[in-house]
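# Observations on chain architecture
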Amino acid sequence: MGDNIRVVLVTGASRGIGRACVEALAQPQTKIYVNDVANLEQAAQTCDLAAAKGAEAEVLPFNVAEAGEVNAAVEAILKASGRLDVLVNNAGIARDNLIALMKEEDWDRVLAVNLKGAFNCLKAACRPMMKQRGGRIINISSVVAYMGNPGQANYAASKAGLVGLTKAAARELASRQITVNAVAPGFIATDMTANLSEKVRAEMMAQIPLARFGTPEDVAAAVAFLASEAAGYITGEVIHINGGLIMA
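In what follows, the accompanying structure is described. Within every chain, residues take consecutive numbers counted from 1 along the sequence as written. Residues qualify for local features only when their pLDDT is at least 70, as the model is predicted, and side-chain atom pairs are given and counted only at 80 or more; totals for whole chains, interfaces and linings, by contrast, use all residues. Side-chain calculation: all heavy atoms of the structure are included, whereas hydrogens and water are not.

Right, let's get into the sheet that holds strand β5 (residues 135-140). The sheet built from seven strands is open, its strands ordered β3-β2-β1-β4-β5-β6-β7 with parallel pairing. With partners counted over all chains shown, the strands left at the sheet margins are β3 (56-59) and β7 (238-241), one partner each. In this sheet, adjacent strand axes meet at a mean angle of 15° when their direction is disregarded. Two strands make a pair as long as DSSP finds a minimum of two bridges between them. Comment: elements are numbered from the N terminus, with helices defined as DSSP H or I runs of at least four residues and strands as E runs of at least two. In this sheet, β3 lies alongside strand β2 (residues 30-34) in parallel orientation, the contact comprising four bridges. In the strand pairing of β3, I32 is matched with A57. Helix α1 (residues 16-25) rests against β1 (6-10), β2, β4 (86-89) and β6 (178-185) of the sheet, and its axis sits at about 170° to β1. Strand contacts of helix α3 (residues 67-81): β1 and β2, with the helix running at about 155° to β2, the strand carrying the most contacts. All axes are obtained by fitting lines to C-alpha atoms, using only the stretch in contact for helices, and the reported angles, taken between N-to-C directions, cover 0 to 180 degrees. Note on definitions: a residue-residue contact is assigned when non-hydrogen atoms from the two residues lie within 4.5 Å.

Right, dumping it as structure tokens:
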């Protein structure tokens, strides 16, 4: 594969924000690896959407929470494509419950996927990026990392941890011209919000100054910018995409 091919890995990319990121990054002279561990048929559909925009795309199933699987996947990318230019750490799960009722395994599982999974992927990806002396890493955090949310202590903790990971990695990798940033989506119109009651949706909407839920494409646009050459002087930052829900 020629040096002019840009190689991208997006985790948790079978639907929602991950799929939108793949579409936003898809263009000619781009090879995108679409990761998912369970929804392989939907991941294949994501590949079709990328191909329609001129990119080459391939499903790469692995569990981000398992370091051995992550390392093997990145080795496969390097063997096939010779490099890795962009990593989008999007894979995540939720296991909601109040703290007093939360099972230990639900705490551990969310932290394992959302935070350790991002660490596993970042660690594996930064090594070839360091040799290349360049790369883009974007972590998907959440507004709840900043404002909290009842019943989501595990999720909020994992997403807050991603902010710290982003800033530490940005400092470590800057000398090799690798940028590490995060985006923190607010209430986004996904399968999760679609399943909420009208009352809960109305209560959430009332908190948003722009008076609408965000879309996966709103998030993906910021990811695509951070992955671009135009964002080369931005690192260690968190871009908030929440319609004004919180204003720092």
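Our next topic: the packing of helix α4 (residues 104-132) against helix α6 (residues 153-173). Packing of α4 against α6 leaves a shortest axis separation of 9 Å and a crossing angle of 15°. The orientation of α4 with respect to α6, classified from their angle, is roughly parallel. α6 is crossed by α4, and the crossing has right-handed handedness. Two secondary-structure elements touch here, α4 through D106, W107, V110, L111, N114, L115, A118, F119, L122, C126 and M130 and α6 through A153, N154, Y155, A157, S158, K159, G161, L162, L165, A169 and L173. Note on residue classes: Ala, Val, Leu, Ile, Met, Phe, Trp, Tyr, Cys and Pro are nonpolar, Asp, Glu, Lys and Arg are charged, and everything else, Gly too, is polar. Here the contact of α4 with α6 is built from residues that sort into 16 nonpolar, four polar and two charged. Angle categories are assigned with fixed cut-offs, so that under 35 degrees is roughly parallel, over 145 is roughly antiparallel, 65 to 115 is roughly perpendicular, and the rest are oblique. For any helix crossing, the convention is left-handed if the near helix is rotated counterclockwise from the far helix by under a right angle, and right-handed if that rotation is clockwise.

It is worth spelling out the pattern of salt bridges at this point. Take a side-chain nitrogen of Lys or Arg and a carboxyl oxygen of Asp or Glu: if they are within 4 Å of each other, that pair is a salt bridge. Summed over all chains, the structure comprises four salt bridges. For the salt bridge of E58 with K31, the shortest nitrogen-to-oxygen distance reads 3.2 Å. On the criterion of sequence distance, the pair formed by E58 in strand β3 and K31 in strand β2 is long-range, its members being 27 residues apart. Judged by its relative accessible area of 34%, E58 is partly exposed. When accessible area is computed with a 1.4 Å probe and restricted to protein chains, residues below 20% of their type maximum are described as buried, those above 50% as exposed, and intermediate ones as partly exposed. The buried category is assigned to K31, whose relative accessible area is 4%. With a closest N to O distance of 3.0 Å, D218 and R212 form a salt bridge. A residue is classified by how much of its surface remains accessible, and R212, at 42% relative accessible area, is partly exposed.

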